[in-house]
Amino acid sequence: MPFYLRKSIKCGPLRFNLSKSGIGMSAGIKGVRVGSGPRGNYVQMGICGVNYRRTFTWEPSQAKPGPKSKLSGSDVNLLPADTLHEIESSDVSQLKDASAEDLLAEIRDKRRVPSLFFPVALVFTILVIGVAGAGSVSLSVVLAIIGLAASCYAAQRDRLRKTVVIFYDLDEERQAAYEVLYESFERLASCNQIWHVEAEGLVTDQKRNYGASGVVKRSSVSFKCTQPSWLSVNFDVPVFPAGNQSICLLPDTVLVLQCDDAGSVAYQDLIIVPGETRFAETASVPRDSKVVGRTWQYVNKNGGPDKRFKNNREIPIARYGDITLRSAGGLNECFQVSDPEKLNAFIEVLAQYNSKAQSDARSVKKARSYRKRDR
């Protein structure tokens, strides 16, 4: 799917629109909409191609800034389990990009808003079961209909109250660079098999472990360009699923989402560690992987099959690509893909995007220093 920058976003019953004069918001049904934008409030009605629009101008009042909530988090100390060492990021609250602090604060605040859907649905479910158990079928049907309507309304309210709407209006240079990153990620996502590496360790008995020197714990995942949970962006975002976390490549920052918390890493602070692995594949080898050798389940000292074991099956050795995303703040996630060429191409594009971000950051710092010097 090609990269497309939308000019409007729908969030629950509301629609947000981006124009040259600013961001507006509207709600309504087919034929009738009311809204608010940079030029004031308006009502629009139309049918059969005939539309009427009336705008009401207004003067915004000076609102007093409210108190800012303090956000805190704690470090997570990772302990080794047997011979496997977990590959896991720190608590996302420790991942901070100064340019994204306002966005992180809004995401955290909205994710901690209590849900309306589950209490409403639970209350009406209990009422329906209780009334039906008492023998009043007609009343239980009425309660079920009311409960369904109330639950739909609560779900819409939850989506509106808990979703963060993000509009990007990129200049031509940044949009072109991000499109290249987006398309390279989509090619990477087309690999036949992708894994998230959760833990790794050393093998103490190579004879009974295909002669391998290391072992990993991994789970199959899918890379997607999609809308992150509880976010509404005016384009689909490249997302790395990493256990209970999601790493989202936004144009200006790397956003890390986890349950009701969020963190971010500036592109210039992102450390990309590429690699390749010769993997003894006990499952089926993906179609786009290359078999580079053979081994056996039980191996003797010279690398051949140990004839003391019956049914000593032959194991193919596949060539996979690895990528680890790290940061000084604690990001540490590792992924393995079946096609190393696609991964290498993506790493090259991501490195170029990082270099562009670093040069942009240096130019911003230089401009700030010039301003200070002029003063």
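Nothing here was measured: the structure is a model prediction, and the numbers come from that model.

> Help me understand unusual backbone geometry in this model?
Negative phi values dominate among residues other than glycine, just as trans dominates among peptide bonds. Phi at Trp230 takes a positive value of approximately 65°, unusual for a residue other than glycine. One can find Trp230 in the loop between strand 11 (224-226) and strand 12 (231-233).

> Can you walk me through helix 1 (residues 101-111) in this structure?
Three- or four-residue spacings in an α-helix give side chains the same orientation, since the helix completes a turn every 3.6 residues. Every buried residue belonging to helix 1 is among Leu103, Leu104, Ile107, Arg108 and Arg111, and all of these are buried. Buried residues of helix 1, viewed axially, fall in a sector of 130°; they line one side. In this structure, the buried side of helix 1 is in contact with helix 3 (137-162), strand 8 (164-166), strand 12, strand 15 (254-258) and strand 16 (261-265).

> Just to check I follow, could you spell out a nonpolar patch on the surface for this structure?
Together, Val137, Val141 and Ile145 give the surface a local cluster of nonpolar side chains, amounting to about 290 Å² of exposed area. With respect to the element layout, Ile145 can be found in helix 3. Residue Ile145 is classed as exposed on the basis of its relative accessible area of 56%.

> Looking at this structure, I do not really get the packing of aromatic side chains. What am I missing?
Aromatic ring pairs are defined here through the distance separating the ring centres and the angle between the ring planes. One pass over the structure, following the stated rule, counts 16 aromatic pairs. Measuring from ring centre to ring centre gives 5.3 Å for Phe3 and Phe235, while their planes differ by 55°; the resulting arrangement is tilted. Of this pair, Phe3 sits in the segment before strand 1 (8-11) while Phe235 sits in the loop between strand 12 and strand 13 (237-242), placing them 232 residues apart in sequence. Residues Phe3 and Phe235 agree in their burial class; the two are buried. Taking 5.7 Å as the distance between ring centres and 35° as the angle between the ring planes, the aromatic pair formed by Phe279 and Tyr320 counts as tilted. Of this pair, Phe279 sits in strand 17 (residues 271-280) while Tyr320 sits in strand 19 (residues 314-326), and the two are 41 residues apart along the sequence. For Phe279, a relative accessible area of 15% corresponds to the buried category.

> How do you make sense of the confidence of the model for the protein chain when you look at a structure like this?
Do not read the fine detail of predicted coordinates wherever pLDDT is low. Confidence along the protein chain averages 76 in pLDDT terms, with 69% of residues attaining 70 or more. Counted against residues more than four places away or in other chains, residues 51-83, with its pLDDT under 50, gives 40 contacts.

> Just to check I follow, could you spell out the pattern of salt bridges for this structure?
Between side chains of opposite charge, a pair can form as their charged atoms come close. Scanning all chains against the criterion turns up eight salt bridges. For the salt bridge of Glu276 with Arg319, the shortest nitrogen-to-oxygen distance reads 2.9 Å. Pair noted here: Glu276 is in strand 17 and Arg319 is in strand 19, with a separation of 43 residues, a long-range link. A residue is classified by how much of its surface remains accessible, and Glu276, at 46% relative accessible area, is partly exposed. Here Arg319 ties to Glu341 by a salt bridge, and the two come within 3.3 Å at their closest N and O atoms. Taken together, the positions of Arg319 in strand 19 and Glu341 in helix 5 (residues 340-374) put the pair 22 residues apart, joining distant regions of the chain.

> Any chance you could explain the pairing of strand 20 (residues 332-337) here in plain terms?
The side chains of a regular strand alternate between both faces of the sheet. Counting buried positions over the six residues of strand 20 gives five, a clear majority of the element. Note that strand 19 and strand 20 share six bridges and pair antiparallel. Across the sheet, the residue bridging to Arg326 is Asn332, located in strand 20.

> What should I look at first to understand the sheet that holds strand 16 in this one?
Strand order in the open sheet formed by five strands is 11-13-14-15-16, and the pairing between neighbours is antiparallel. The sheet is open, and its two borders are formed by strand 11 and strand 16, each paired with just one other strand. Averaged over all pairs of adjacent strands, the angle between strand axes in this sheet comes to 30°, irrespective of strand direction. Across three bridges, strand 11 lies against strand 13 in antiparallel orientation. Its bridge partner being in strand 13, Thr226 is matched across the sheet by Val237.

> Would you take a moment to explain the side chain of Gln258 for this structure?
For Gln258, the location among the structural elements is in strand 15. Among the polar contacts listed, one links the side chain of Gln258 to the side chain of Gln245, at a separation of 2.7 Å.

> Hey, could you run me through the packing of helix 2 (residues 117-133) against helix 3 in this one?
When two helices pack together, their arrangement is given by the angle between the helix axes and by the axis-to-axis distance. Where helix 2 meets helix 3, the closest approach of the two axes is 8 Å, and the angle between their N-to-C directions is 175°. When the axis of helix 2 is compared with that of helix 3, the two are roughly antiparallel. Here helix 2 contributes Phe117, Val120, Ala121, Phe124, Leu127, Val128, Val131 and Ala132 to the contact with helix 3, which in turn contributes Leu139, Ser140, Leu143, Ala144, Ile146, Gly147, Ala150, Ser151, Ala154, Ala155 and Asp158. The class makeup of the residues in the contact of helix 2 with helix 3 is 15 nonpolar, three polar and one charged.

> Where do I start with the pairing of strand 19 in this structure?
Counting buried positions along strand 19 gives ten out of 13 residues, so the element sits mostly inside the fold. As judged from the ten bridges shared by strand 17 and strand 19, these two strands associate in the antiparallel manner. Paired with Ile272 across the bridge in strand 19 is Leu325. In this sheet, strand 19 lies alongside strand 18 (residues 290-296) in antiparallel orientation, the contact comprising six bridges. Looking at the pairing, Thr295 lines up with Ile315 of strand 19. Connecting strand 19 to the next strand, strand 20, in antiparallel fashion are five residues, including Gly330 with a positive phi near 125°.

What counts, and at which threshold
Residues numbered from 1 in each chain as written. Predicted model: local features only at pLDDT ≥ 70, side-chain atom pairs only at ≥ 80, totals over all residues. Heavy atoms only, no water. Helix = DSSP H or I, 4+ residues; strand = E, 2+ residues; numbered from the N terminus. Buried < 20%, exposed > 50% of the residue type's maximum accessible area, 1.4 Å probe, protein only. Arc of directions from axis to C-beta. Contact = heavy atoms within 4.5 Å. Patch = residues over 30% accessible without salt bridge, like charges linked within 9 Å, V, L, I, M, F, W, Y side chains within 5 Å. Areas by Shrake-Rupley, 256 points an atom, 1.4 Å probe, with all protein chains shown as cover. Salt bridge = Lys/Arg side-chain N within 4 Å of Asp/Glu carboxyl O. Phe/Tyr/Trp six-rings, centres within 6.5 Å; stacked < 30°, edge-to-face > 60°. pLDDT = per-residue confidence, 0-100. Pairing = 2+ DSSP bridges. Axes fitted to C-alpha atoms, helices over the stretch in contact; angles between N-to-C directions. Polar contact = N/O pair within 3.5 Å; in protein donor to acceptor, adjacent residues only side chain to side chain. Parallel < 35°, antiparallel > 145°, perpendicular 65-115°, else oblique. Nonpolar A, V, L, I, M, F, W, Y, C, P; charged D, E, K, R; others polar.

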